Amino acid sequence: MTNSSVDGDGVSETRSMASSLYTETIGTGPDVVLVHGWGMHSGVWEDVVEALLDHYRVTLLDLPGHGYSRSMAAGHALNDLAAALAAATPSPAAWVGWSLGGLVAQQVALAAPKRVSRLVLVNSTPCFVQRPDWLCGIARPVLRRFAEELRQDHRAVLKRFIALEVHGSEHAGAQLHRLKAMLFQHGQPDVAALEDGLAILEASDLRAELPRIACPTLLLMGQRDQLVPAAAGEAMRDLLPDACLHVFPRAGHAPFFSHLPEFVAELRAFLDA
């Protein structure tokens, strides 16, 4: 595990969080940090890691309350998560964030721009919930229903959520089977941390901040994504100073499962540029 200091208030708390965060660094070469999405763990990246190891040093992590980081206390806001992840990972690095992980990666790029050399947002967005001026998101009642049901049966909620992730994608059945098998491989996530994650998804809106992200950014979206519409990628491309967009046809919320060769090709081309 790699730890580094963070400037500003809350340094000791950030260091404490970072020291409790599960990370794994493998390979040699330029640094790449992979951040998973809500309810999952770093194991979702296994195929992507295998495709990068010939040329990159890859750092995987489990978000607080998820996977092998599930013993970490809950109650963290987006900026806390970003500070902890930044303190526990190499710098500078290319950051690749999926869904909630992409939101955290955006915050790292905003708060500590020197740490992020390149940014890849996979089916992610600065604003996950629909608003009057932002229709390419999740309806707020849908997200709140997930939150209300977590305490009753978090396993059922997570399984329903991953079903949404693959809905509409090619070979959705096979992807769902694999995601279900992978869901609890790193152990049961902490329910309070899952609630925190949904609260972050509901409250966060980084749209006004995106013009401050100066590093090259790649937006990878699924044409049939039910959680983050591809239209969000078009809107982000217009807000970011240096961004390119690729939409995977017939893909849902997890194109690194459904379109792995194409996904790796786009990712490698961007990282190698």
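How each quantity is defined
- Positions within a chain are numbered from 1, following the residues in the order the chain's sequence is written.
- The model is predicted, so local features are restricted to residues of pLDDT at least 70 and side-chain atom pairs to those at 80 or more, both for listing and for counting; the totals for chains, interfaces and linings are taken over all residues.
- Excluding hydrogens and water, the side-chain figures rest on all heavy atoms present in the structure.
- The term salt bridge refers to a side-chain nitrogen of Lys or Arg lying within 4 Å of a carboxyl oxygen of Asp or Glu.
- Secondary structure follows DSSP: runs of H or I at least 4 residues long count as helices, runs of E at least 2 residues long count as strands, and numbering of each begins at the N terminus.
- Type-normalised accessible area, obtained with a 1.4 Å probe on protein chains alone, sets the label of each residue: buried when under 20%, exposed when over 50%, and partly exposed for intermediate values.
- Every residue gets a pLDDT, meaning the predictor's confidence in that residue, from 0 to 100.
- Residues are treated as being in contact if the distance between any of their heavy atoms lies within 4.5 Å.
- Here an axis means a line fitted to C-alpha atoms, over the contact stretch when the element is a helix, while the angle between two N-to-C directions is reported on a 0 to 180 degree scale.
- Handedness of each helix crossing follows the sense of rotation of the near helix against the far helix: counterclockwise by less than a right angle gives left-handed, clockwise gives right-handed.
- Throughout this entry, Asp, Glu, Lys and Arg are counted as charged residues, while Ala, Val, Leu, Ile, Met, Phe, Trp, Tyr, Cys and Pro are counted as nonpolar. The remaining residues, Gly among them, count as polar.

Caption draft 1: Summary view of the pattern of salt bridges. The tally for this structure, following the rule as stated, stands at 14 salt bridges. With a closest N to O distance of 2.6 Å, aspartate 31 and arginine 57 form a salt bridge. Separated by 26 residues along the polypeptide, aspartate 31 in strand S2 (residues 31-35) and arginine 57 in strand S3 (residues 57-61) bring together distant segments of the chain. For aspartate 31, a relative accessible area of 15% gives the class buried. Note that glutamate 170 and arginine 250 form a salt bridge whose closest N and O atoms lie 2.9 Å from each other. Pair noted here: glutamate 170 is in the loop between helix H6 (154-166) and helix H7 (172-182) and arginine 250 is in the loop between strand S7 (243-248) and helix H10 (255-258), with a separation of 80 residues, a long-range link. We classify glutamate 170 as partly exposed; its relative accessible area is 27%.

Caption draft 2: A look at the confidence of the model for the protein chain. Put simply, the protein chain has an average pLDDT of 91, and 92% of its residues get 70 or more. Between residues 1-16, whose pLDDT stays under 50, and residues either more than four places distant or in other chains, the model counts 23 contacts.

Caption draft 3: Summary view of the packing of H6 against H7. Across the interface, H6 lies against H7 with an axial gap of 9 Å and an inter-helix angle of 145°. Two packed elements cross with a definite hand, and for H6 against H7 that hand is right-handed. Contacts from Ile162, Ala163, Glu165 and Val166 in H6 reach Ala172, Gln175, Leu176, Leu179 and Lys180 in H7. Among the residues making up the contact of H6 with H7, the classes are represented as six nonpolar, one polar and two charged.

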